[in-house]
Amino acid sequence: MMLVNVLGVLLIALIVWWFWLYQPQATDLGDSELIIVVENGTYQPSRIRLLADQPASLHFLRKDSSPCSETILIPDLKLSDTLPLNKVKKIALPAMKKGEYEFHCQMQMYRGRLVVE
């Protein structure tokens with residue numbers, strides 16, 4: 001009985017870590033043209049590091065035909081755009097202050113984060 005309880009607590013801890021605490025490593029945007037692939041319910045990479053007070057561009061390639069993946073929203077910047085299927089879409093970002101800005105689809109199933117430093 002004790003073994004079942006310990007395994008249950010470990011499983012709960014793993015679920016909490018995976019869904020709420022885990023954050024993938026941020027990818028630097030840099031000067032290169034980073035392409036964010038929208039596929040299988042995710043943005044890859046989903047955390048992008050940008051420089052503060054400088055405009056930037058994000059390039060999205062939507063491979064997922066799901067209707068949810070069609071729209072990209074960045075609420076803090078009041079940006080909304082549609083992503084064509086199997087074509088790269090460039091989204092221009094204004095200069096931003098330091099902080100973190102979420103981006104997602106309209107149902108918030110696909111989620112990503114801009115880390116501005």
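Owing to the predicted nature of the structure, the values given are computational and were not obtained by experimental measurement. (Residues numbered from 1 in each chain as written. Predicted model: local features only at pLDDT ≥ 70, side-chain atom pairs only at ≥ 80, totals over all residues. Heavy atoms only, no water.)

Across a sheet, strands are paired by hydrogen bonds formed along the backbone, either parallel or antiparallel in direction. Across the sheet, which stays open at both edges, the 4 strands sit in the order 3-2-5-8 with mixed pairing between neighbours. On the outer flanks of this sheet lie strand 3 (42–44) and strand 8 (88–93), each paired with one strand and no other. Each neighbouring strand pair of the sheet contributes to a mean axis angle of 30°, computed without reference to strand direction. The pairing of strand 5 (residues 56–62) with strand 8 spans 6 bridges and is antiparallel. Bridging from a neighbouring strand, His 59 pairs with Lys 90 of strand 8. (Pairing = 2+ DSSP bridges. Helix = DSSP H or I, 4+ residues; strand = E, 2+ residues; numbered from the N terminus. Axes fitted to C-alpha atoms, helices over the stretch in contact; angles between N-to-C directions.)

By the element assignment, Thr 82 lies in strand 7 (residues 79–82). Exposure remark for Thr 82: the relative accessible area of 42% places this residue in the partly exposed category. A sequence separation of 20 residues divides Thr 82 from Arg 62, and the C-alpha atoms of the two residues are 9.9 Å apart. Excluding anything up to four places from it in sequence, Thr 82 contacts Glu 70, Thr 71 and Lys 89. (Buried < 20%, exposed > 50% of the residue type's maximum accessible area, 1.4 Å probe, protein only. Contact = heavy atoms within 4.5 Å.)

Okay, helix 1 (residues 2–21) next. Owing to its 3.6 residues per turn, the α-helix brings residues three or four apart onto one side. End to end, helix 1 covers 27 Å across 20 residues, agreeing with the expected 28 Å (1.5 Å per residue, within 8%). Little of helix 1 sits out of view: just 0 of its 20 residues are buried. (Expected span 1.5 Å × (residues − 1).)

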